[in-house]
Structures are given as C-alpha cells and as structure tokens.
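These are the residues of each chain, in order.
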Amino acid sequence: MSRAENLPTYTMRQLAAFVAVAETGTIGGAAERMHLSQSALASALTDLEKALKVQLTVRRRARGVQLTPTGEAVLARAKVLLQQASELQADAAGEGGVVAGPLVIGCYPSLSPTVLPALLRSFTQRYPKVRVELREDTQNRLRKQLDDGELDLAIVYDLELSPEWRTTRLATRKPTVLLDAGHRLASCRGRLRLAELAEDPMVLLDAPPSSEHALDVCRQAGFAPRVAYRTENFETARAFVGRGLGWTLLVQRPRHDVTYEGLEVVVKTELDPQPDPVDVVVAWHSASMLSKVSRLFVQFVAARADTSQDSPAN
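Below: a short report on this structure.

Rules of the game
- Residues numbered from 1 in each chain as written.
- Predicted model: local features only at pLDDT ≥ 70, side-chain atom pairs only at ≥ 80, totals over all residues.
- Heavy atoms only, no water.
- Helix = DSSP H or I, 4+ residues; strand = E, 2+ residues; numbered from the N terminus.
- Expected span 1.5 Å × (residues − 1).
- Buried < 20%, exposed > 50% of the residue type's maximum accessible area, 1.4 Å probe, protein only.
- Pairing = 2+ DSSP bridges.
- Axes fitted to C-alpha atoms, helices over the stretch in contact; angles between N-to-C directions.
- 1 Å grid on protein atoms, 1.4 Å probe; cavity = no way out; pocket = protein on both sides within 12 Å on 5 of 7 lines; lining within 4 Å.
- Points joined across faces, edges and corners; volume = space filled by probe spheres on them.

Observations concerning helix α10 (residues 292–304)
Alright, step 1. The end-to-end C-alpha distance of α10, which contains 13 residues, comes to 18 Å, matching closely the 18 Å that a straight helix rising 1.5 Å per residue would cover.
Alright, step 2. Those residues of α10 that fall on the buried side of the exposure criterion are K292, V293, S294, L296, F297, V298, F300 and V301.

Here's the deal with the sheet that holds strand β3 (residues 100–107)
Alright, step 1. Strand order across the open sheet formed by 5 strands is β4-β3-β5-β14-β6, with mixed pairing between neighbours. The open sheet has two edge strands with one neighbour each: β4 (129–136) and β6 (165–173). Adjacent strand axes in the sheet meet at a mean angle of 25°, parallel and antiparallel pairs treated alike.
Alright, step 2. Taken together, the 3 bridges between β3 and strand β5 (residues 153–157) define a ladder with parallel strand orientation.

Comments concerning the sheet that holds strand β12 (residues 265–268)
Alright, step 1. Judged by pairing direction, the sheet is antiparallel, and its 3 strands sit side by side in the order β11-β7-β12 without closing on themselves. With one partner strand each, in any of the chains shown, β11 (248–250) and β12 form the two edges of the open sheet. Mean inter-strand twist for the sheet, computed between neighbouring axes without regard to direction, equals 35°.
Alright, step 2. With 3 bridges joining them, strand β7 (residues 176–180) and β11 adopt antiparallel strand pairing.

Topic: empty space enclosed by the protein
If you roll a probe as big as a water molecule over the atoms, it shows you where there is empty space left.
Alright, step 1. The final tally for this structure, using the stated rule, is 3 cavities of 30 Å³ or more.
Alright, step 2. For the largest cavity, the calculated volume is near 40 Å³.
Alright, step 3. Along its surface, the largest cavity is lined by L205, S210, H213, L249, L250 and V251.
Alright, step 4. Elements represented by at least two residues in the lining of the largest cavity include exactly α8 (210–220) and β11.

What is shown is where atoms sit, not what they do.
And the structure:
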C-alpha cells in the first residue's frame, strides 16, 4: 500500500463541523458558529461520514442532531486532533512560546479547597491564556468522565485507580483521626490505638474512595466502626467532629485545625496500626492524546510535587 493511500480522506474543516454540530445540537447552530450556510455545514458532515464510512449522527428536523454511539466515540478524538492541529499551526508560525487553550480538570471535592487553589494560581500566572474549567465529583464519577473523554485530567487520591490510567504524583498525605477537644482521647500522648474508638460514633466521609478507605483502615485495626453520620462534604465531617457528634478519619488536612464555626478539632497523626500514606495524583487515560496545555500541566505538577506526609495542605 502506498503512503498516499494511508493519508486520511477527511479534512480538519469536516472535523470542526462535526464538533460544532455535536456541541450545538443543531445544523443551524453549528453553521452560525462556523460562519457557513446550513447546506455547506450539512455537506461537510455528510462528507466526513462518507470518509470514515460510519454514521456519526442522526438528524431529525424536530429534534435536532443526535450522536450515534460511534459519533460519541469519535467526538473526543476529533477535539484532540483539532487542538493538536491548532498547536501545530501556532508552532509553525513562530507562536510556540504562547500557551493557550482549554484545560478541563476534574477534582475530588476535598482536594479542591486544599490542593487546587495554589496550584491553579501558579499555573495560570505562568500561562495566562489557558482557560481552566473545573469539575468536582467523587472519584468513581470522575473515572467515567475521564474515560469518556469529558475531562483532560483528574486530581484524585491514588486509591482504587483504573489500570488504564497514567498518573503523576502531586503530594503525599498521611491519614489522620479527628476528635473534638473534649473527647476522652484528645489529650492522650503517643500513638492513638484505633481500636479504642470502636464503640464511639463515627462521622464517615461518604464519598468514594474516602469511605472505602476509612472503613478498610478500621477493618485492619480489627473493628467495624459505629457510623452515626454520613456526609459527602469534607467540611461537614469536620464540623460534626467539632460539635462532638463523633470522630472521623480523613486523608486531607487544612492548614488550621478549626471548623467553620471556629471550634477546635484535635488531629491525631500517629496511629496504631499506622495506615499507609496516600498519594495525591494527576491522572489521565493512557489512550488519550494529551493537548499541549495538558502536557504542560502534568509537567508543572511533577516539578512542584512535595514529599510532605503529615503537614497541613498549603
């Protein structure tokens, strides 16, 4: 087979038309975005389907345009190809030093307020033309979004990660137990025996994988905790502890050991048995073609990675 026969038979304009249709949901909306007539836009979409020899869309006058399952799969790769084509043109024009474009980051909720602000502040100061979109969610839901190509990268704990993901470490954190200031074990010295909390009510951060991790730590200590309250919110768990409603086990630690109400929580970092430290990582799917912005963010994270295991988040 000759080299010419290996060349794609579709064009960047056809891909752009397809992405515009997918994002607007109508031929008319896509045509307006691309400053084309509706007939020209529809023709470009038809030509792309012929070139790929697949049906990408279902067009209904009353309902607009819907993507087929194949169209959904092609969409993510089409976006990456268009982004890389733009980067190639900018580099060839001597604009390689300018980093611009979108970056969609997913983040586990407890990491958003403790890790992300300083990281994004530094990154966007260095690359001011990058547009960052943040999506917070539990790790199991972030996994689906990353695998489906809805996210470029995800900042998560290195717990129960997909074997298809690649990661770069950002930080390492030591699991801690939080007690209210009046708890009988708050003033104890030395290691805190986790089994001594077996009969006390627990406030569980019920957001995977934190929930599974906390329960597993208790199992390794030889008991099943008495879960009195469940919450998906990191600060709610701390607030409940501050009010004496129970104890909790968390991986992430803010700089100040007080709740929103100004109540003290006592943080125990030396435990018996001592849980393994947990890495905070930036993750992406191994099959994804990272954009220039995504690659730079991964490099930026790797350069800033800290080795602290027990200090409050910066």
